[in-house]
Amino acid sequence: MGKKVKKESETPRKDMFEPVLVEGRTPETVVLLLNSTEEDILVKACEAIHTFAEKGDENKVSLLGLGALEPLCSLISHNNKLIRRNALMALGIMATNGDVKNALKKMDTIPSIIDKLSPEEDVVVHEFATLCLASLSVDFICKVQISDNKGLPPLIQLLSSPDPDVKKNSLEIIFNLVQDFNDLHAEALQVVSNCLSDSETLHLIQEGGGLTRLMEFILTPNTPEIQSNAVICITRVAQNSENRKLLHKHNIEKVLVELLSVPDVNVKTPTCQAVSTMSNHPASKDSFRDLDGIPAVVQLLNNDSLILREAVTSALFSLTDNNQLNAFAVYEAGGHELLVQQLCGSCPRTVANSAATLGNMAGQQVIRCSILSRGAIQALVEPLKSTNTQVLVSTTHCLAELTCDTESRAQLQSAGGLQPLINLLHSYHKEVLHNACMVINVCASDKSTAVEMYKLGALEMLQDINQSVNRRSSFSELAINSLLHSNLSVKYSLTGHLAFTENISDDFYDAGKACAGQRILTLEELSKQPVNQYRPVIVVNTTKAEETVNVPEERPNPSETDTTKADNRTPSREKKKKDDRQEEETEPESPAEKTLKMMDDISLQLLAKKAKESILPLNDEREQYSALARLVSTAMGGAWEMERLHEFAWVLHISKLKYKLQSNVVPIGFIRKGIYCHRALLFKCLADCIGLSCTLVRGEYNRAWNEVLLFDGNLSSNGRSPQPCRYIVDLMHQPGNLLKAYSPAAEQYQTI
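Thresholds, definitions, all that
- Residues numbered from 1 in each chain as written.
- Predicted model: local features only at pLDDT ≥ 70, side-chain atom pairs only at ≥ 80, totals over all residues.
- Heavy atoms only, no water.
- Helix = DSSP H or I, 4+ residues; strand = E, 2+ residues; numbered from the N terminus.
- Buried < 20%, exposed > 50% of the residue type's maximum accessible area, 1.4 Å probe, protein only.
- Contact = heavy atoms within 4.5 Å.
- Areas by Shrake-Rupley, 256 points an atom, 1.4 Å probe, with all protein chains shown as cover.
- Core = buried A, V, L, I, M, F, W, Y, C linked by side-chain atoms within 4.5 Å.
- Axes fitted to C-alpha atoms, helices over the stretch in contact; angles between N-to-C directions.
- Parallel < 35°, antiparallel > 145°, perpendicular 65-115°, else oblique.
- Left-handed = near helix turned anticlockwise from the far one by under 90°.
- 1 Å grid on protein atoms, 1.4 Å probe; cavity = no way out; pocket = protein on both sides within 12 Å on 5 of 7 lines; lining within 4 Å.
- Points joined across faces, edges and corners; volume = space filled by probe spheres on them.
- Nonpolar A, V, L, I, M, F, W, Y, C, P; charged D, E, K, R; others polar.
- Expected span 1.5 Å × (residues − 1).
- Pairing = 2+ DSSP bridges.
- Salt bridge = Lys/Arg side-chain N within 4 Å of Asp/Glu carboxyl O.
- Polar contact = N/O pair within 3.5 Å; in protein donor to acceptor, adjacent residues only side chain to side chain.
- Phe/Tyr/Trp six-rings, centres within 6.5 Å; stacked < 30°, edge-to-face > 60°.
- pLDDT = per-residue confidence, 0-100.

Novice: Can you explain the overall build of the protein? Please cite residues and give values.
Specialist: When helices and strands are tallied, the protein shows 42 helices and nine strands. Across the 752 residues of the protein, 53% fall into the buried class. When contacts within the protein are restricted to residue pairs at least 6 apart in sequence, those whose partners lie at least 24 apart make up 68%. Per element, the accessible surface of the protein, about 35,900 Å² overall, is 51% carbon and sulfur.

Here it is, written out as structure tokens:
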């Protein structure tokens, strides 16, 4: 280890004192210390004056009287950063007093303060420098000095400061400056708006009265550029929901409504954008209506400026969103007619906004009718072909609201709107697809429209969508169900089931069981096919049932047997030979005769007439079903025991009918030997005709049956039990017998 050397104590210089601790108890003493040349003393003296001045205005005035102001103004430019900071803190606090402020105006201190706004200074220096300038900037002479010394650019930069007090002070200075100067350019307002978009900062500005001054400045006659930029600033502030509430409290709606009357388009456009943004606040929507702002906005749709019209349609959409009173106000101002005209425009956003606004308004019937009378459906067809997603979303939403009646749906079909609508089912955009499904759901209420959409491939597309994990939704399921409900023939082929409430109508046809995704040909397409070996298509047509009420029952029909023998459950050999001889004597008919026969199913008409006359008078519902079952069985060849069913020559009979008609399509009234599927269809048809309810269910291997609901068991006070029971109607073996659902007898009837 080295030898320890005793450390010698430092010897003070001969021209310096030993450190002396000085305690200043009075303001006079501390103010005197401001003239010291020693930095440590200056740091502590400035800090002490700052603390003393914070205690109240009396202390500030006292310091002013002791001459503290002049040395402090000098020290803010000291080379020592700590001295500069403490001196500015003291000066900034003192400047908030009116007497001190008046004294400062007489001193040339503003250039020095502006120098302290540079990025090199710390945040505390920025805070108290801007505080000092905020106090001085209310005076016109000081404003001139700040402007002449290029104080605005560094103030704008400080609007991006992380410190909220610096932001607040800087904004206050800028607002004070623009009361007399019009040099607040777009760049400055852009930074202001960025700053104001923060809710915390906006509240600070509002507490200082800055927000009120900003709105006053907007209304002050200025150059259009300045007013425009100021309104843009308001719009950016209003992006925040909390900010919108604060702006609403300051009656910003009144300011914006007044600006709508400014002649310059460059002011009107951002004003409409501000209206659109503020309308996201529910109370603001009502304020705009109460201030008669809606008619003022509507009238701007007549302007030639495309940019302005886009802003106007955006404002109208926001104003009418979930607000029926505003929608009616737009209607009263004639806005719906002008909006329909905008649908033919070239600007996608204007088209989208117009369609969306019309959709908002169409919830009220009187408005919807007026919109339709202006040709809205025809005008919406072209936007359906757009490649712009927002246009498609708005257009389909509007159509879903407008196509609520038969006439409007017919207009859409005649205008060629169904094809582009169906094409949207290829879209992978979620909202476009959902809206398209909603329109299809509404339009499918009309059978003719549903059939046309089916021809265009809507059903197959919806089936594909519903098989997709990613694309299927409740909207697509609703659309396909509505489409099937309006086309029961297709539904029965695909699902094999018709409910109690789904009544068979004319031109219903049973084309057999179809697989999912398989396209089912229309009746017209099926009738044009050459005769083949496959099962026939059974068609129902009772069109002339009412017109042929007086047709005599003895009217000959080549394929009809005597239906008066309704009580014969098992056909005799003699009757079978007679039926076979009649079928052999039939000859092929011409296409014209075939069509006439198909459309004029007299046998079915007579059966419907007989059902009404003989079954409706029966008082017991159970007996009505049984009597109808016996009528159907008799018309279809009578009862057959299960063991002898193989002797029933229904296949040969159907084949001969197809040959006779030269068609695969066979009217059900022509069938005299029918199996389960034929009888169940005829039972459903006749039941629907006379007002009895039943289902139609397809099974396997030509099996089909009908379910009915009947009350039995313990009767309630009104004569019926609360829960009905399901029964399967026997049409084949013991016609009229009602088999309780799920019983062994019912299951035997339903399966082989």
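Novice: An account of the nonpolar core is needed here, citing residue identities and associated values.
Specialist: It is characteristic of soluble globular proteins that their nonpolar side chains tend to be buried jointly. Residues Leu 256, Leu 316, Leu 402, Leu 425, Met 453 and Leu 462 are the most contacted members of the largest nonpolar core, which totals 98 residues. Once residues within four sequence positions are removed from consideration, Leu 402 is found in contact with Ala 362, Arg 368, Ile 371, Leu 372, Ala 376, Ile 377, Leu 380 and Ser 408. Residues Phe 508, Ala 629, Leu 631 and Val 697 belong to the second largest nonpolar core, which totals 60 residues.

Novice: Describe the packing of helix H5 (residues 81–94) against helix H8 (residues 123–136), listing the residues and the values that go with them.
Specialist: Contact geometry of H5 with H8 gives a least axis separation of 8 Å together with a crossing angle of 30°. It follows that H5 is roughly parallel to H8 by the angle criterion. Every pair of crossing elements has a handedness; the one defined by H5 and H8 is left-handed. Taken together, the residues of H8 that come into contact with H5 (itself represented by Arg 85, Leu 88, Met 89, Leu 91, Gly 92 and Ile 93) are Val 124, Val 125, Phe 128, Ala 129, Leu 131 and Cys 132.

Novice: Summarise the layout of surface pockets; cite the residues concerned and give the values.
Specialist: The computed volume of the second largest pocket comes to approximately 340 Å³. What lines the second largest pocket is a set of 20 residues, among which Lys 447, Val 451, Asn 487, Asp 507 and Tyr 509 lie closest to the centre. Contributions of two or more residues to the lining of the second largest pocket are made by helix H31 (447–455), helix H34 (488–495), strand S2 (508–510) and helix H35 (523–527). The element best represented in the lining of the second largest pocket is H31, accounting for four residues. Taken together, the residues that form the lining of the second largest pocket break down as seven nonpolar, eight polar and five charged.

Novice: Describe in detail helix H33 (residues 474–485), supporting the description with residues and values.
Specialist: For H33, with twelve residues, the first-to-last C-alpha span of 16 Å sits near the 16 Å given by 1.5 Å per residue. Among the residues making up H33, those that are buried are Ser 476, Ala 479, Ile 480, Ser 482, Leu 483 and Leu 484. Elements in contact with the buried residues of H33: helix H30 (430–443), H31, helix H32 (458–466) and H34.

Novice: Just give me the short version of the sheet that holds strand S6 (residues 704–705), but keep the residues and values in it.
Specialist: Read from one edge of the open sheet, three strands run S1-S5-S6, paired in antiparallel fashion. Each edge of the open sheet is held by one strand with a lone partner, namely strand S1 (497–498) and S6. Note that strand S5 (residues 696–698) and S6 share two bridges and pair antiparallel. Directly across from Arg 698, in S6, lies its bridge partner Ala 704.

Novice: Please provide a residue-by-residue account of the pattern of salt bridges, values included.
Specialist: If you walk through the whole model with that rule in mind, you get 21 salt bridges. Among the salt bridges present, the one from Asp 446 reaches Arg 409, with a minimum N-O distance of 2.6 Å. Residue Asp 446 is located in the loop between H30 and H31, and its partner Arg 409 is located in helix H28 (residues 406–414); the two are separated by 37 residues in the primary sequence. Judged by relative accessible area, which is 6%, Arg 409 ranks as buried. For Glu 524, the salt bridge goes to Lys 528, with nearest N and O atoms at 3.5 Å. Look at Glu 524 and you get partly exposed, because its relative accessible area is 47%. A cluster of three or more residues bridged by salt bridges with shared partners is formed by Asp 510, Arg 535 and Arg 698.

Novice: Mind laying out helix H11 (residues 164–177), listing which residues take part and the relevant values?
Specialist: Over its 14 residues, H11 runs 20 Å from end to end, which matches the ideal 20 Å to within 8%, given 1.5 Å per residue. Of all the 14 residues making up H11, ten are buried; the element is thus mostly covered by neighbouring parts of the structure. Capping the start of H11 is the job of one residue whose side-chain oxygen sits 2.9 Å from the backbone nitrogen of Asp 165: Asp 163.

Novice: Tell me about the pairing of strand S3 (residues 537–540), and please be specific about residues and values.
Specialist: A two-sided burial pattern is seen for S3, the buried positions comprising Val 537 and Val 539 on one face and Ile 538 and Val 540 on the other. For S2 and S3, the ladder comprises three bridges, and the chain directions are antiparallel. Counted as the bridge partner of Tyr 509 is Val 539 from S3.

Novice: So what's going on with the sheet that holds strand S7 (residues 707–710)? Residues and values would help.
Specialist: Read from one edge of the open sheet, three strands run S7-S8-S9, paired in antiparallel fashion. The open sheet terminates on both sides in strands that have one partner only, identified here as S7 and strand S9 (738–740). Neighbour to neighbour, the strand axes of the sheet diverge by 45° on average, direction disregarded. Helix-sheet contacts for helix H39 (residues 621–635) involve S7, strand S8 (725–729) and S9, and the interaxial angle to S7 is about 160°.

Novice: Just give me the short version of the packing of helix H2 (residues 39–53) against helix H3 (residues 57–65), but keep the residues and values in it.
Specialist: Angle between the axes and distance between the axes are the two parameters that describe a pair of packed helices. At a minimum axis separation of 8 Å, H2 and H3 run at an interaxial angle of 135°. In terms of orientation, H2 lies oblique with respect to H3. The residues of H3 that touch H2, namely those facing Ile 49, Phe 52 and Ala 53, are Asn 59, Lys 60 and Leu 63. In terms of residue class, the contact of H2 with H3 is built from four nonpolar, one polar and one charged.

Novice: Give me the lowdown on the side chain of Asn 86, citing residues and values where you can.
Specialist: Its place among the elements puts Asn 86 in helix H5. Other than its neighbours up to four places away in sequence, Asn 86 contacts Val 43, Cys 46 and Glu 47.

Novice: Run through the packing of aromatic side chains, naming residues and quoting values.
Specialist: One pass over the structure, following the stated rule, counts four aromatic pairs. Aromatic side chains Tyr 492 and Phe 508 sit 6.3 Å apart centroid to centroid with 45° between the ring planes, which places their arrangement in the tilted category. Of this pair, Tyr 492 sits in helix H34 while Phe 508 sits in strand S2, placing them 16 residues apart in sequence. Each member of the pair, Tyr 492 as well as Phe 508, carries the same accessibility label: buried.

Novice: Any details on the environment of Leu 159? Residues and values, ideally.
Specialist: Inspection of the secondary structure puts Leu 159 in the loop between helix H10 (152–158) and H11. Residues Leu 159 and Leu 171 lie twelve residues apart in sequence; the distance between their C-alpha atoms is 7.1 Å.

Novice: An account of the confidence of the model for the protein is requested, with residue identities and associated values reported.
Specialist: For the protein, mean pLDDT is 85; residues scoring 70 or higher make up 82% of the total. Confidence over residues 545–578 falls short of pLDDT 50; this stretch has 46 contacts with residues more than four positions distant or in other chains. For residues 589–598, every residue scores under 50 in pLDDT, and the model assigns this stretch 17 contacts once sequence neighbours within four places are set aside.

Novice: Can you tell me about unusual backbone geometry, naming the residues and giving the values?
Specialist: The residue Tyr 701 is not glycine, and still its phi comes out positive at about 55°. Along the polypeptide, Tyr 701 turns up in the loop between S5 and S6. The class of Tyr 701 is exposed, set by a relative accessible area of 66%. Here Asn 702, not a glycine, exhibits a phi torsion of approximately 65°, which is positive. As for its position among the elements, Asn 702 is in the loop between S5 and S6.

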